[in-house]
Amino acid sequence: MLFNSYEFLFLFLPLTLAVYFAVARRGQEPALAWLVIASLFFYGWWNPAYLPLLLLSMLVNFGFGKLLSQAHRQKKLRSGRIWLTVGIAINLGLLAYYKYANFTVNSINAVADTQFHLETIVLPLAISFFTFQQIAYLVDALNGITKEYRFTHYALFVTFFPQLIAGPIVHHRDMLPQFMHGGALTPRVQNIAIGLSILALGLFKKTVLADGVAQYATPVFSAAAAGEPLSFFVAWGGALAYTFQLYFDFSGYSDMALGAARLFGIRLPVNFHSPYKATNIVEFWRRWHMTLSTFLRDYLYVALGGNRHGRLTRYRNLMLTMLLGGLWHGAGWTFVVWGGLHGLYLSLNHAWKHVSTRLFPRPILPRPLAAALGWAITFVAVVVGWVFFRAADFDAARLMLEGMAGLNGVALPNAL
């Protein structure tokens, strides 16, 4: 069920909201149980066959969370780390099977010229998001940051429908206390007004801006996938159209999630903060998909050693983090290249900052000019990365980049 569908906007959301506040008069637990039931229905609307997978994942992680919380209380950190490793392995194994099994087999066949065959595995909805969210919960449980003793509460943390499908990625310690607060059990005019406003803004971004500009991006990338050479303006027009389509689509969906949650009195973290205004790539990742960036930083980059062991190790960790981040977005080598590009961008950004502060103790350009130049370089780098993110394969990406470089001429499109 999509946020911009009539079923969600005019049936599911108002009905769920009305029943939630009606049931809340009988107590907190019935209200939370109703939200769990509604969220499971929301998830199962796409394919009920994957509901048992989601429930099994929650049961397993809830059990590991109790073991890890107990290990923290009893200061059994060694056994806790073992349980944490097993729990993370199970989560990543489930994600790897459903998301990367076909990709792995196809890659082996392409490289080794083998004929291994695996039936097409349908990717369960939102498996990347609820997997990362539960991994974060396990780590926090071992560190004593969070703990949960009621499965209903834990299930609500995982399945709360506004953030279940596409984020933002939330922490147990940030969301569950809001449900426990008595103010979340009664409707408030302020929450409803703010929630509907954010929801409407996100809906406009998605249906008007993203879907509107998609009609300019799709034909260009389809032409590249068909092997057609593209002229300069056509290639750049398609790349820029997709750049804004992706932002308005994802940002709009995130806004709708924030708005829907606010109707229930729940404040989800902001996921986008004008990323295309960034003047360097480090700032871009502080503004783009902020909850994922935070997760990758805290649970992958820092775990690899971060910047604690010198600059070369830092660059290696940045590259590994972004390569895995690219693979998380999609099971394809174009996504890996996209992640590798951003890993390279980040490494170059940090290296330039280190070198420039020593070579040029004083700024050599006026601040407005330096900011404008930094913005232009960052924006072009991001657009080039999006070509790999969107292209059907490397040949299509190559044709797009050749066109953007002007190798096929710079004639105006026929429409102009």
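Read on for a plain summary of the structure.

## Quick look at the overall build of the protein chain
Turning to step 1, where the next piece is worked out: Across its full length, the protein chain carries 16 helices and zero strands.
Turning to step 2, where the next piece is worked out: The C-alpha radius of gyration computed for the protein chain amounts to 23 Å, which stays within 12% of the reference 22 Å derived for 416 residues, consistent with globular compactness.
Turning to step 3, where the next piece is worked out: Overall size of the protein chain, expressed as C-alpha extent along the three principal axes, is 70 × 60 × 50 Å.
Turning to step 4, where the next piece is worked out: Counting all 416 residues of the protein chain, 49% fall into the buried class.
Turning to step 5, where the next piece is worked out: Sequence-distant contacts, at least 24 apart, represent 72% of the contacts inside the protein chain between residues at least 6 apart.
Turning to step 6, where the next piece is worked out: Carbon and sulfur atoms make up 66% of the accessible area of the protein chain, which amounts to about 20600 Å² in all.
Turning to step 7, where the next piece is worked out: Averaged over its 31 positive side-chain charges, the protein chain has a centre that lies 17 Å from the centre of its 16 negative ones.

## Side note on unusual backbone geometry
Turning to step 1, where the next piece is worked out: A positive phi angle, near 65 degrees, is found at Ala126, a position not held by glycine.
Turning to step 2, where the next piece is worked out: Relative to the helices and strands, Ala126 resides in the loop between α4 (77–112) and α5 (127–142).

## A short note on the layout of surface pockets
Turning to step 1, where the next piece is worked out: The calculated volume of the largest pocket comes to roughly 1600 Å³.
Turning to step 2, where the next piece is worked out: Lining the largest pocket are 40 residues, with Thr279, Asn280, Ile281, Asn349 and Lys353 sitting closest to its centre.
Turning to step 3, where the next piece is worked out: Listing elements by their share of the lining of the largest pocket, those giving two or more residues are α11 (281–287), α12 (290–304), α13 (311–329), α14 (333–359) and α15 (367–390).
Turning to step 4, where the next piece is worked out: With nine residues, the single largest contributor to the lining of the largest pocket is α14.

## A short note on the packing of aromatic side chains
Turning to step 1, where the next piece is worked out: Using the criterion set out here, one finds 57 aromatic pairs in the structure.
Turning to step 2, where the next piece is worked out: Between Phe250 and Phe272, the aromatic rings sit 5.1 Å apart at their centres with planes inclined by 70 degrees, giving edge-to-face as the arrangement. Of the two residues, Phe250 is situated in helix α10 (residues 232–263) and Phe272 in the loop between α10 and α11; the sequence distance between them amounts to 22 residues.
Turning to step 3, where the next piece is worked out: Under the relative-accessibility criterion, Phe250 is labelled buried at 18%.
Turning to step 4, where the next piece is worked out: The ring centre of Trp328 lies 5.4 Å from the NZ or CZ of Lys99, which sits over that ring.

## Some thoughts on the nonpolar core
Turning to step 1, where the next piece is worked out: The biggest cluster of nonpolar side chains holds 122 residues, and the ones touching the most others in it are Phe264, Trp288 and Trp386.
Turning to step 2, where the next piece is worked out: Sorting elements by how many residues they give to this core places α10 first, with 15 residues.
Turning to step 3, where the next piece is worked out: Once residues within four sequence positions are removed from consideration, Trp386 is found in contact with Tyr242, Thr243, Leu246, Tyr276, Phe284, Trp288 and Trp338.

## So, the pattern of salt bridges
Turning to step 1, where the next piece is worked out: Here the structure, examined in full by the defined rule, presents seven salt bridges.
Turning to step 2, where the next piece is worked out: One salt bridge in this structure joins Arg150 and Glu29, with 3.2 Å as the shortest N-O distance. Of the two residues, Arg150 is situated in the loop between α5 and α6 (151–159) and Glu29 in helix α2 (residues 28–44); the sequence distance between them amounts to 121 residues.
Turning to step 3, where the next piece is worked out: Arg150 gets classed as partly exposed once you look at its relative accessible area, which sits at 45%.

## Some details on a nonpolar patch on the surface
Turning to step 1, where the next piece is worked out: Together, Trp352, Val355, Leu359, Phe360, Ile364, Leu365, Leu369, Leu373 and Ile377 make up a nonpolar patch on the protein surface, roughly 890 Å² of accessible area in all.
Turning to step 2, where the next piece is worked out: Here Ile377 shows up in helix α15.
Turning to step 3, where the next piece is worked out: Since its relative accessible area comes to 54%, Ile377 is described here as exposed.

## Focus: the environment of Ile281
Turning to step 1, where the next piece is worked out: Among the secondary structure elements, Ile281 is positioned in helix α11.
Turning to step 2, where the next piece is worked out: Between the C-alpha atom of Ile281 and that of Ala381, which follows or precedes it by 100 residues, the distance is 8.5 Å.
Turning to step 3, where the next piece is worked out: With sequence-adjacent residues up to four places away left out, Ile281 is seen in contact with His342, Tyr345, Leu346, Asn349, Thr378 and Val382.

## Side note on the packing of α2 against helix α3 (residues 51–73)
Turning to step 1, where the next piece is worked out: Packing of α2 against α3 brings their axes to within 9 Å, and their N-to-C directions diverge by 135 degrees. One finds that α2 runs oblique with respect to α3. Packed against α2, whose contacting residues are Leu40, Tyr43 and Gly44, the element α3 presents Leu51, Leu54, Leu55 and Met58 at the interface.
Turning to step 2, where the next piece is worked out: Across the contact of α2 with α3, the residue classes break down as six nonpolar, one polar and no charged.

## Some remarks on the packing of α15 against helix α16 (residues 394–404)
Packed helix pairs are specified by the crossing angle of their axes together with the interaxial distance, meaning the distance between the axes.
Turning to step 1, where the next piece is worked out: Two elements in contact, α15 and α16, have axes separated by 8 Å at closest approach and are oriented at 150 degrees. Here α16 runs roughly antiparallel to α15, going by the angle between their axes. Our pair here, α15 against α16, has a crossing hand that is right-handed. Here Val383, Val384, Val387 and Phe388 of α15 lie close against α16, whose contacting residues are Phe394, Ala397, Met400, Leu401 and Met404.
Turning to step 2, where the next piece is worked out: Residues that form the contact of α15 with α16 fall into these classes: nine nonpolar, no polar and no charged.

## Details of helix α8 (residues 172–180)
Turning to step 1, where the next piece is worked out: Residues His172, Met175, Leu176 and Phe179 constitute the buried set of α8. End-on, the buried residues of α8 take up no more than an arc of 90 degrees, which puts them together on one face.
Turning to step 2, where the next piece is worked out: Residues of α8 that are buried sit in contact with α1 (6–24), α2, α5, α6 and α7 (161–164).

Definitions and cut-offs
Throughout, residues of each chain are indexed from 1 in the direction in which the sequence is written. Confidence filtering applies because this is a predicted model: local features only for residues at pLDDT of at least 70, side-chain atom pairs given and counted only at 80 or more, and all residues used for totals across whole chains, interfaces and linings. The basis for every side-chain value is the complete set of heavy atoms in the structure, and neither hydrogens nor water enter the calculation. A helix here means a DSSP run of H or I that spans at least four residues, while a strand means a run of E at least two residues long, and both kinds are numbered starting from the N terminus. Between the two quantities, the radius of gyration covers C-alpha atoms and the globule rule is 2.2 Å times the number of residues to the power 0.38. Buried residues are those whose accessible area, probed at 1.4 Å on protein chains only, stays under 20% of the maximum for their type, while exposed residues exceed 50% and partly exposed ones sit between those limits. In what follows, a contact means two residues having at least one pair of non-hydrogen atoms within 4.5 Å. Under the convention used here, a 1.4 Å probe and the Shrake-Rupley method define accessible areas, while residue burial counts only the protein chains that appear. Residues counted as positive are Lys and Arg, residues counted as negative are Asp and Glu, and His and the chain ends are not counted. Positions of charges follow a simple convention, taking NZ of Lys, CZ of Arg, CG of Asp or CD of Glu. The method works on a 1 Å grid over the protein atoms by themselves. A cavity is a set of points holding a 1.4 Å probe that cannot get out, a pocket is an open set with protein on both sides within 12 Å along at least five of seven lines, and residues with an atom within 4 Å of a point line them. Grid points are joined across faces, edges and corners, and a volume is the space filled by probe spheres set on the points. Two rings from Phe, Tyr or Trp (for Trp, the six-membered ring) form a pair when their centres are within 6.5 Å of each other. A pair whose planes differ by under 30 degrees is stacked, one over 60 is edge-to-face, and the rest are tilted. Only when the NZ of Lys or the CZ of Arg is both within 6 Å of the ring centre and within 35 degrees of the ring normal is a charge said to sit over the ring. Definition used in this section: a nonpolar core is a set of buried Ala, Val, Leu, Ile, Met, Phe, Trp, Tyr and Cys residues joined via side-chain atoms within 4.5 Å. The rule for a salt bridge is simple: a side-chain nitrogen of Lys or Arg has to be within 4 Å of a carboxyl oxygen of Asp or Glu. Think of a patch as exposed residues, more than 30% relative accessible area, with no salt bridge, where like charges cluster within 9 Å and nonpolar side chains (Val, Leu, Ile, Met, Phe, Trp, Tyr) cluster within 5 Å. Interaxial angle, 0 to 180 degrees, is taken between N-to-C directions of lines fitted to C-alpha atoms, where a helix line uses only the stretch in contact. Each angle receives one of four descriptions, namely roughly parallel if under 35 degrees, roughly antiparallel if over 145, roughly perpendicular if within 65 to 115, and oblique otherwise. Here the term charged refers only to Asp, Glu, Lys and Arg, the term nonpolar to Ala, Val, Leu, Ile, Met, Phe, Trp, Tyr, Cys and Pro, and the term polar to all other amino acids, Gly among them. In this scheme the handedness of a crossing depends on how the near helix is turned from the far one: anticlockwise by less than a right angle means left-handed, clockwise means right-handed. Directions from the helix axis toward the C-beta atoms define the arc.

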